[in-house]
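Breakdown of the fold
What follows is the residue order along each chain.
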Amino acid sequence: MQLSIKSLSLAALLSTAVVSNGVIADAKEAIDPPEDAVLTEDIAGKVVVGWVEKGLILPEEAVVKVKVDSGALTSSMHAVNMERFTRKGKRWVRYDVPVVDADTGNKVTLHFERPVYRQMTVRGAGGEDYRPVVKMRMCIGNRIYEEQFSLRDRSDMTYPVLLGRRTIEHIGLIDVSDTFMLPLDCPDAASEEERNRQQLLKEDASLVDDSQIDQPSEAEEEDDEQEGGE
């Protein structure tokens, strides 16, 4: 009797698959994607990344592990000793990024000064927090990406860098079943070019993009999920 019920249930599903504009479609039509659907092979210039990858924060030479997480909107970077200051009428922030080099295992501390691009409100269990957001360039695979990073102390997290949806949409697709899918192969001149660019920003305030610094923004959810090790 149980087999008969299963057989009838399967037959019912196959015979009623999809109803559209009063027309009953067969099972094959129900699972075929529409003609205008965007398939993976149709997305030009996109790459597939694992949920953990290696990245190079330019212009430094230390390689860090980055978590690719579509649950967060804005990317986040570990930062301590943050100090806000003004340079040529523009708001800047200096900060240290202590990390473990993913290739050598050595502990290193990276020192940065960046213009503040905008302010971000974060909503979490402890209430609201306000963080500076800066633009930084990072090499992943063989490409350079300039992305927004909120600065916060991530010492309680497994990964010093988290890539959120704003960054992921520029990179490609996530394979959540794999890690380290992209060999790190940064252009040879990338670090020197970024070092020169940062020097120009310090010298010429007109090059600093702070167009969003006083714009109100909706509060984002805290990226405080439990992170597994890798």
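Looking now at the state of the cysteines. In this structure the tally under the stated criterion is one disulfide. For cysteine 139, the disulfide goes to cysteine 186, at an S-S distance of 2.1 Å. The S-S bond linking cysteine 139 to cysteine 186 shows a torsion near -115°; that makes this disulfide left-handed. Highlighted residues: cysteine 139 in strand S10 (residues 127–140) and cysteine 186 in the loop between strand S13 (172–175) and helix H4 (190–203), separated in sequence by 47 residues. For the pair cysteine 139 and cysteine 186, one class covers both residues: buried.

Now for unusual backbone geometry. As a rule of thumb, non-glycine residues mostly have phi less than zero, and peptide bonds are mostly trans rather than cis. With an omega of 10°, the peptide bond between leucine 58 and proline 59 qualifies as cis. Position of proline 59 among the secondary structure elements: in the loop between strand S4 (52–57) and strand S5 (63–68). The backbone of phenylalanine 180 shows a phi angle near 50°, a positive value even though the residue is not glycine. Relative to the assigned elements, phenylalanine 180 resides in the loop between S13 and H4. Residue classification places phenylalanine 180 among the partly exposed residues on the basis of a relative accessible area of 31%.

Cut-off values and rules
- The residue numbers shown here count from 1 along each chain, following its written sequence.
- The predicted nature of this model means local features are confined to residues of pLDDT at least 70 and side-chain atom pairs, given and counted, to a pLDDT of 80 or more, with totals for whole chains, interfaces and linings taken over all residues.
- By convention in this description, side-chain values take in all heavy atoms of the structure and omit both hydrogens and water.
- Counting rule for disulfides: a pair of cysteine sulfur atoms within 2.5 Å.
- Numbering of helices and strands starts at the N terminus; helices are DSSP runs of H or I of at least 4 residues and strands are runs of E of at least 2.
- The buried label applies to any residue whose accessible area, calculated with a 1.4 Å probe on protein chains only, is under 20% of its type's maximum; exposed applies above 50%, and partly exposed to all values in between.

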